[in-house]
Amino acid sequence: MAVEGAVGISAGIGVEVSGLTKRYGTVLALDHVSFDVKAGELFALLGPNGAGKTTLLHILCTIMTPDEGTAKIAGADVVRQPLRARRRLGVVFQEPSLDDRLTLYENLDFHGLVYGVPAALRHRRIDEMLAMVELSEWRDRLVRTLSVGMKRRLEIARALIHDSRVLFLDEPTVGLDAQSRARIWRYLHELRLQRQLTLIVTTHYIEEVEQADRVAIIDVGKLLAIDSPAALKTAYGHELLDVTPHDPAVEAEILTRFGDRVTKGTDGALTIKVEDAGFIEAFLADYGSRIRSMSRKEPSLESVFLSLTGRTIRDQGATARERTLAFGKQGGEHTR
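Treat the numbers as computed from the prediction; the structure is a model and nothing was measured.

We now examine the nonpolar core. Nonpolar side chains tend to gather and get buried jointly when the protein is soluble and globular. By size, the foremost hydrophobic cluster in this structure holds 45 residues, and its most contacted members are Leu154, Ile156, Leu167, Leu169, Leu188 and Val215. In contact with Val215, other than residues within four places in its own chain, are Ala44, Leu46, Val209, Ala225, Ile226, Asp227, Pro229 and Leu232. Grouped together as the second largest cluster of nonpolar side chains are 31 residues, Val17, Leu20, Ile63 and Phe168 included.

Counted according to the given criterion, the structure contains 23 salt bridges. Taking the shortest distance from any N to any O, the salt bridge between Glu275 and Arg261 comes out at 3.6 Å. Taken together, the residues span a long stretch of sequence, with Glu275 in the loop between β13 (270-274) and α10 (279-287) and Arg261 in the loop between α9 (248-258) and β12 (262-264) at a distance of 14 residues. A relative accessible area of 17% places Arg261 in the buried class. Where salt bridges share partners, they join Glu134, Arg186 and Glu190 into one cluster.

The next subject is the packing of α9 against α10. Contact geometry for α9 and α10: axes closest at 13 Å, N-to-C directions at 145°. Crossing hand, α9 versus α10: right-handed. Here α9 contributes Val250, Glu253, Ile254, Arg257 and Phe258 to the contact with α10, which in turn contributes Phe279, Phe283, Asp286 and Tyr287.

Turning our eyes to something else, we now look at the sheet that holds β12. Reading across from one edge, β12-β13-β11-β14 is the order of the four strands in this open sheet, with antiparallel pairing throughout. Taken across any chain shown, the strands that pair with only one partner, and hence form the sheet edges, are β12 and β14 (291-297). Each adjacent strand pair in this sheet contributes to an overall mean axis angle of 20°, direction not counted. In the sheet, strand β11 (residues 239-245) pairs with β13 via five bridges, with the strands oriented antiparallel. Bridge pairing links Asp242 to Thr271 in β13. Lying over the sheet, helix α11 (residues 301-309) contacts β11, β12, β13 and β14, oriented at roughly 85° with respect to β11.

With that settled, consider the sheet that holds strand β1 (residues 13-24). Within the open sheet, the four strands sit side by side as β2-β1-β4-β5. Their pairing is antiparallel. Only two strands of the sheet have a single neighbouring strand rather than two, namely β2 (27-38) and β5 (76-77). Contacts from helix α1 (residues 53-60) reach β1, β2 and β4 (68-73) within the one sheet, and its direction differs from that of β1 by about 120°.

Right, let's talk about the packing of helix α5 (residues 148-159) against helix α6 (residues 178-195) for a bit. In a pair of packed helices, the angle between the axes and the distance between the axes together describe the arrangement. At their nearest, the axes of α5 and α6 sit 10 Å apart, and the two run at 15° to each other. Looking at the two axes, α5 sits roughly parallel to α6. When you trace α5 past α6, the crossing you get is right-handed. Note on element contacts: α6 touches α5 through Arg183, Ile184, Tyr187, Leu188 and Leu191, opposite Gly149, Arg152, Arg153 and Ile156.

Basis of the calculations
Residues numbered from 1 in each chain as written. Predicted model: local features only at pLDDT ≥ 70, side-chain atom pairs only at ≥ 80, totals over all residues. Heavy atoms only, no water. Core = buried A, V, L, I, M, F, W, Y, C linked by side-chain atoms within 4.5 Å. Buried < 20%, exposed > 50% of the residue type's maximum accessible area, 1.4 Å probe, protein only. Contact = heavy atoms within 4.5 Å. Salt bridge = Lys/Arg side-chain N within 4 Å of Asp/Glu carboxyl O. Helix = DSSP H or I, 4+ residues; strand = E, 2+ residues; numbered from the N terminus. Axes fitted to C-alpha atoms, helices over the stretch in contact; angles between N-to-C directions. Left-handed = near helix turned anticlockwise from the far one by under 90°. Pairing = 2+ DSSP bridges. Parallel < 35°, antiparallel > 145°, perpendicular 65-115°, else oblique.

Structure representation (structure tokens):
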């Protein structure tokens, strides 16, 4: 649920991106991406695996350099002023980056030392952040004893020990159960208000971006649309039908008949875009006895993504593009 009035927490621009482009060999990971994020805004980057979300985040976090374009974090250029930019941002990467041989307290203390946070302030913030993410009683335990969800909460706490104004989270709830995901989002909303944070989140979970102030839809390196969830649904949304045919012959007939209005998910269901008022009644008349199940979905961000890309955002196996992006990201990290 979105926090009322949170966009106006602070004035100005938190992040500025202009014409960012990144290539890995012949693969164009980012294609002249441009957008601004207001200070205090909850901004979501929505796209499937391999869309370019993590590459974009790595550039903004100064891990990679772009081939073209510029980016600024709270006014600091990520290429020309990387140290200034790093001091203004916190990061929670998709892959764990804690030292599991240290205690929770030692992980946070070391991070504060690296960022030059004075001892008294550092110790106070460690106590505050551990309390915020409900890990105070675990402060002297080794990180290796924590659950996956607890480690993610600790990484959020660590990202805010220094004076970060912008918090980047790359798929922060991936792999977590529903309860842990809800808890992570509760902490993020509380921290956003308390610290006047700008939050930029990458995700492929449709339901999580419903609470964002604005959503940027990205696919194959291109920024396709950017607006509030409600405005995106109004502009691009359609009612959808999820249909499971009785047999392959019926499936083939539906795919042929409806063309680019229908996509097939990895679960075998067909998703059909509803474009007129009488469509469902006519569809049932023709196929009602030849389908196992059918469910209707109101206009949603899933239908927005389908309208913009011609496919659903459901998880799929790694494509050649995704494997190339993964290799390129590793290379970028080792050569920073």
